[in-house]
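Here are the chains, one letter per residue:
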Amino acid sequence: IFFQVAYYDWNNNHSDAINYFRLEVIRALKNYFGNKFIGGFYYDGILPKPFNNYRSNVSSEFKIYKKFVTNAKIVISTNGFGGSVPWKLVEYLKWGCAIVSEQNAHLFRVPMYKNTIQMFTLPEEVIDKCKTLISDENLILEQKMKSRKYFNSFIKPRNLMKDILENSFIK
């Protein structure tokens, strides 16, 4: 199980809310799954006390990060600022991952296929979603296939632009 996120030191309510929500997710994963969980916060400075024990030991260098993501059985995603769809979620779909994601506040243009992503709203729910996947290798494989298919059909730039152009004219 892989989940690595940036720590934001912007000292405002938005960054604090995201940091603390992600801390609870990381803490729950680390406590329940132990060494089956890889990740945590990446940050160049000194992390504040509550976050210090949850620093990732995985480099944020893209090639290394991508290798961890694509080799993970399950990857975790949380929303960005303002509940935005995080760029990581799009990468995870592109790379065909089995995804457990915070319920998105914003919808994709086309609804997800059933069993494309396992969704959670509270940090403690992430454990049950991961356990569901771990107990069913076929569900993991199904989610991986559907992730890539969804990306290729609805997010991949060429297909997205073609769909927008074809549907933007009144018929």
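Residues numbered from 1 in each chain as written. Predicted model: local features only at pLDDT ≥ 70, side-chain atom pairs only at ≥ 80, totals over all residues. Heavy atoms only, no water.

A.B. asks: Please explain the packing of helix α5 (residues 125–134) against helix α6 (residues 137–155) as it appears in this structure.
C.D. replies: Helix packing geometry: the angle between the two helix axes and the distance between the axes. Contact geometry for α5 and α6: axes closest at 6 Å, N-to-C directions at 105 degrees. Classed by the angle they form, the pair α5 and α6 counts as roughly perpendicular. Contacts from Thr132, Leu133 and Ile134 in α5 reach Glu137, Leu139, Ile140 and Gln143 in α6. (Axes fitted to C-alpha atoms, helices over the stretch in contact; angles between N-to-C directions. Helix = DSSP H or I, 4+ residues; strand = E, 2+ residues; numbered from the N terminus. Parallel < 35°, antiparallel > 145°, perpendicular 65-115°, else oblique. Contact = heavy atoms within 4.5 Å.)

A.B. asks: Even after reading the chapter, I still don't get a nonpolar patch on the surface, so can you show me in this structure?
C.D. replies: On the surface, Ile38, Ile64 and Phe68 cluster together into a nonpolar patch covering about 200 Å² of accessible area. By the element assignment, Phe68 lies in helix α3 (residues 62–71). (Patch = residues over 30% accessible without salt bridge, like charges linked within 9 Å, V, L, I, M, F, W, Y side chains within 5 Å. Areas by Shrake-Rupley, 256 points an atom, 1.4 Å probe, with all protein chains shown as cover. Salt bridge = Lys/Arg side-chain N within 4 Å of Asp/Glu carboxyl O.)

A.B. asks: What's the story with the environment of Pro48 in this structure? I'm lost.
C.D. replies: Tracing the sequence through the fold places Pro48 in the loop between β2 (38–42) and α2 (49–52). According to the relative accessible area criterion, Pro48 is partly exposed, its value standing at 31%. Between the C-alpha atoms of Pro48 and Tyr7, which are 41 residues apart in sequence, the distance is 9.8 Å. (Buried < 20%, exposed > 50% of the residue type's maximum accessible area, 1.4 Å probe, protein only.)

A.B. asks: Whenever I open this one, α5 confuses me. Can you help?
C.D. replies: Side chains three or four residues apart in an α-helix point the same way, a direct result of the helix having 3.6 residues per turn. Regarding α5, the residues found buried are Val126, Ile127, Cys130 and Leu133. Projected down its long axis, α5 carries its buried residues within an arc of 125 degrees, all on one side. (Arc of directions from axis to C-beta.)

A.B. asks: Explain the pattern of salt bridges to me, please; I cannot follow it from the model alone.
C.D. replies: Where charged atoms from two side chains of opposite charge come close, those side chains can pair. Tallied over the full model, the rule gives four salt bridges. Between Arg27 and Glu24 there is a salt bridge, with the nearest N and O atoms lying 2.6 Å from each other. Of this pair, Arg27 and Glu24 both sit in helix α1 (residues 13–33), separated by three residues, roughly a single helical turn. Take Arg27: its relative accessible area is 24%, and that puts it in the partly exposed class. Residue Lys73 pairs with Glu137 through a salt bridge whose shortest N-O separation is 2.9 Å. Here Lys73, found in the loop between α3 and β3 (75–77), pairs with Glu137, found in helix α6; they are 64 residues apart in sequence, far enough to count as distant. Residue Lys73 is classed as partly exposed on the basis of its relative accessible area, which comes to 43%.

A.B. asks: It is not clear to me how the layout of surface pockets should be interpreted in this structure. Could you clarify?
C.D. replies: The method is simple in principle: a probe with the dimensions of a water molecule rolls over the atoms, and the space it marks as empty is what remains. Taken as a whole, the largest pocket spans an internal volume of roughly 170 Å³. Along the walls of the largest pocket sit 15 residues, with Tyr8, Arg22, Pro86, Trp87 and Lys88 positioned nearest its centre. At the level of elements, β1 (2–6) and α4 (87–94) are the ones that each hand at least two residues to the lining of the largest pocket. For the lining of the largest pocket, the element with the highest residue contribution is β1, accounting for three residues. Counted by class, the lining of the largest pocket contains nine nonpolar, four polar and two charged residues. (1 Å grid on protein atoms, 1.4 Å probe; cavity = no way out; pocket = protein on both sides within 12 Å on 5 of 7 lines; lining within 4 Å. Points joined across faces, edges and corners; volume = space filled by probe spheres on them. Nonpolar A, V, L, I, M, F, W, Y, C, P; charged D, E, K, R; others polar.)

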